[in-house]
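Below, each chain spelled out in residue letters.
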Amino acid sequence: MKVRNFTTLVLSLVTAAFSLGAALGQQIKVTGGLVSGVPGTDPSILTYKGIPFATPPVGALRWREPQPIVAWPDVLKADKFSASCIQQIVPEFGPWTYEFMTHNDVSEDCLYLNVFTPAKSASAKLPVFVHIYGGGFMQGSAAVPIYDGEGLAKKGLVVVTFNYRLGALGFLAHPELTKESAHHASGNYGLMDQIAALRWVHQNIAHFGGDPNNVTIAGQSAGSMSVHDLTASPLAKGLFHRAIAQSGGSTVGGVGLSVEPAPLASAEAAGERFAELKEAKSLAELRSLSWQKILESMPGADPMSGPHFAPIVDGYVLPAPFMDIIAQGKQNDVETLTGGTTGELGGLFAPGAPITAKGFQDQARKRYGDAADQFLKLYPAATDEQAQTAQRDSTRDQALVAMYLWAKVRSKTAKTKVYEYLWDHALPGPAAAKYGAFHSSEIPYVMNTLDNSKRPFTDEDRRIAAMMSSYWANFAATGDPNGSGLPLWPALGEKPEIMEVGDKAGPIPLAGTPAKLEFFKTFLSRSK
């Protein structure tokens, strides 16, 4: 009798422990119905892939703001990524190898998100990290291998990735679309998708062990510009509490990857030209076109070619350019971590032909006008070799000063801190010397996803990934990237310096010399 009682007690304890540890593996109720997850590659992480956060934007819902989800009757087995939003599939491009690109099916029915959680119970209240992909607002997907959420989930975060509409389907403005809108606006459907995903997070993430009052949004390139637009949007107020903006928008003077959003009127005119190109005489005819016909206007192998669609100042989602919103002190004021890479500062895509001394001098006189002689004293280019060094150093210095000035402009109205970085580590591989620390090369390190790449990573790469992902996880948890065992990363202050990370880790002065710093401060202040 005693043996049976003891055995029953042990089995009860084991069952209870298993139930507690696997609680999030059971059915979870979210907006729309029940979902069930599956263990990730690391069984300590539960993954929920392909959860809808809006009704499919198809048919009459094409070019409308995302609509509430329609409930589903059965348990949704959330075990695979949804289709990606409509785009040209490009297997590789320049330095961006397989792991940086979209590879799955595409569909207009693409508004789904994914949750990666290490929580053992719904009461864990872990920090939440919401990632927004890049791709020039024309390409990208939550299913891109280096965006996988398990790596950061292992750092104690609940990670959310999601899809948003791209290209003409995500950002087409048109007078008829504006007229039918209750908000008298059109064009920012992709941004509205992002806001809808954040609302879903606010309403549901606690069921996955996440804290809806501790949400960080993060993005790179177009994702970074999206982060800035979300900080400027009144529709996103209260939906996030920290922001990470990698390589996009954190500059002044038109330097670096920064796109001034078009006003509604010019975007509508571009939309009318698009309709004419498609031989559509009405909005109904535009909506009747197949997505394949729409896709014909979108870029192919070169993401910077063809008609471009991106967020606009529509007066609703984005009342004004985000820098104007900051100047007015109307932004969602949250701690911000931002930076760029050494390899993107001289050019976003493949390096061009080496510049000559004459070419560099001609460029300097065209760009700097009366100040060109002063510039050429700071960056001499008497020979072709000198010109190549001067081009590299001057573009880097100008970009870093532009980022510093951006933060100084922000500090006039913001009460929260900014942490800035310069990534200097080249991804290993046969083209490492050519591309260096190229645009987006930091992502596998900060997302802790080196294992999703076939590049020949070394122990040093893994050390750097451990450091970078810890900085990102600490910032998401507390608003401060610093933590035990990490080189000190100071918040931006009056001292003109930036945190170099990658091969080196520590603050470095901007522009090398006070004279170079003052030159660019003066020039960029005039360019604003």
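Along the protein, the regular secondary structure elements total 17 helices and 16 strands. Since a compact globule built from 528 residues should have a radius of gyration of about 24 Å, the 24 Å found for the protein is in line with a globular shape. Expressed along its principal axes, the backbone C-alpha trace of the protein runs to roughly 95 × 60 × 45 Å. For the protein, contacts bridging at least 24 residues in sequence account for 75% of all contacts bridging at least 6.

So, about the state of the cysteines. Evaluated as defined, the whole model comprises one disulfide. The disulfide partner of C85 is C110, and the gap between their sulfur atoms is 2.1 Å. Disulfide C85-C110: the torsion about the S-S bond is 90 degrees, which places it as right-handed. With C85 in the loop between strand 5 (76–77) and strand 6 (112–117) and C110 in the loop between strand 5 and strand 6, the pair connects residues that are 25 residues apart, well separated along the chain. Across the pair, exposure class does not vary: C85 and C110 are buried alike.

In this section: the pattern of salt bridges. Applying the stated criterion across every chain, the model contains 19 salt bridges. Between R64 and E180 there is a salt bridge whose closest N-O contact spans 3.3 Å. One end of the pair, R64, is in the loop between strand 4 (46–52) and strand 5; the other, E180, is in helix 4 (residues 175–180), with 116 residues separating them in the sequence. Overall, R64 belongs to the partly exposed group, its relative accessible area being 28%. A salt bridge links E494 to K408; the shortest N-O distance between them is 3.0 Å. With E494 in the loop between helix 16 (459–478) and strand 15 (497–501) and K408 in helix 13 (residues 384–411), this pair connects stretches of sequence that are 86 residues apart.

Below, the discussion takes up the packing of helix 5 (residues 189–204) against helix 6 (residues 222–232). Helix 6 packs onto helix 5 with a crossing angle of 70 degrees between their chain directions and a minimal axis gap of 11 Å. With respect to helix 6, the element helix 5 is oriented roughly perpendicular. The segment helix 5 lies against helix 6, with L191, Q194, I195 and L198 engaging S226, D229 and L230. Considered class by class, the residues forming the contact of helix 5 with helix 6 number four nonpolar, two polar and one charged.

It is worth spelling out the confidence of the model for the protein at this point. The pLDDT averaged across the protein works out to 91; a share of 90% of its residues lies at or above 70. Between residues 1–22, whose pLDDT stays under 50, and residues either more than four places distant or in other chains, the model counts three contacts. Within the model, pLDDT remains below 50 along residues 301–305, and this stretch shows eight contacts once partners closer than five positions in the same chain are excluded.

Phi at N448 is positive, roughly 60 degrees, even though this residue is not glycine. Turning to its location among the elements, N448 is positioned in the loop between helix 15 (443–446) and helix 16. The class of N448 is partly exposed, set by a relative accessible area of 26%. Here the phi dihedral of A511 falls at roughly 65 degrees; this positive angle occurs in a residue that is not glycine. Looking at the secondary structure, you find A511 in the loop between strand 16 (506–509) and helix 17 (514–527).

Parameters and conventions
Residues numbered from 1 in each chain as written. Predicted model: local features only at pLDDT ≥ 70, side-chain atom pairs only at ≥ 80, totals over all residues. Heavy atoms only, no water. Helix = DSSP H or I, 4+ residues; strand = E, 2+ residues; numbered from the N terminus. Rg over C-alpha atoms; globule rule 2.2 N^0.38 Å. Contact = heavy atoms within 4.5 Å. Disulfide = S-S within 2.5 Å. Buried < 20%, exposed > 50% of the residue type's maximum accessible area, 1.4 Å probe, protein only. Salt bridge = Lys/Arg side-chain N within 4 Å of Asp/Glu carboxyl O. Axes fitted to C-alpha atoms, helices over the stretch in contact; angles between N-to-C directions. Parallel < 35°, antiparallel > 145°, perpendicular 65-115°, else oblique. Nonpolar A, V, L, I, M, F, W, Y, C, P; charged D, E, K, R; others polar. pLDDT = per-residue confidence, 0-100.

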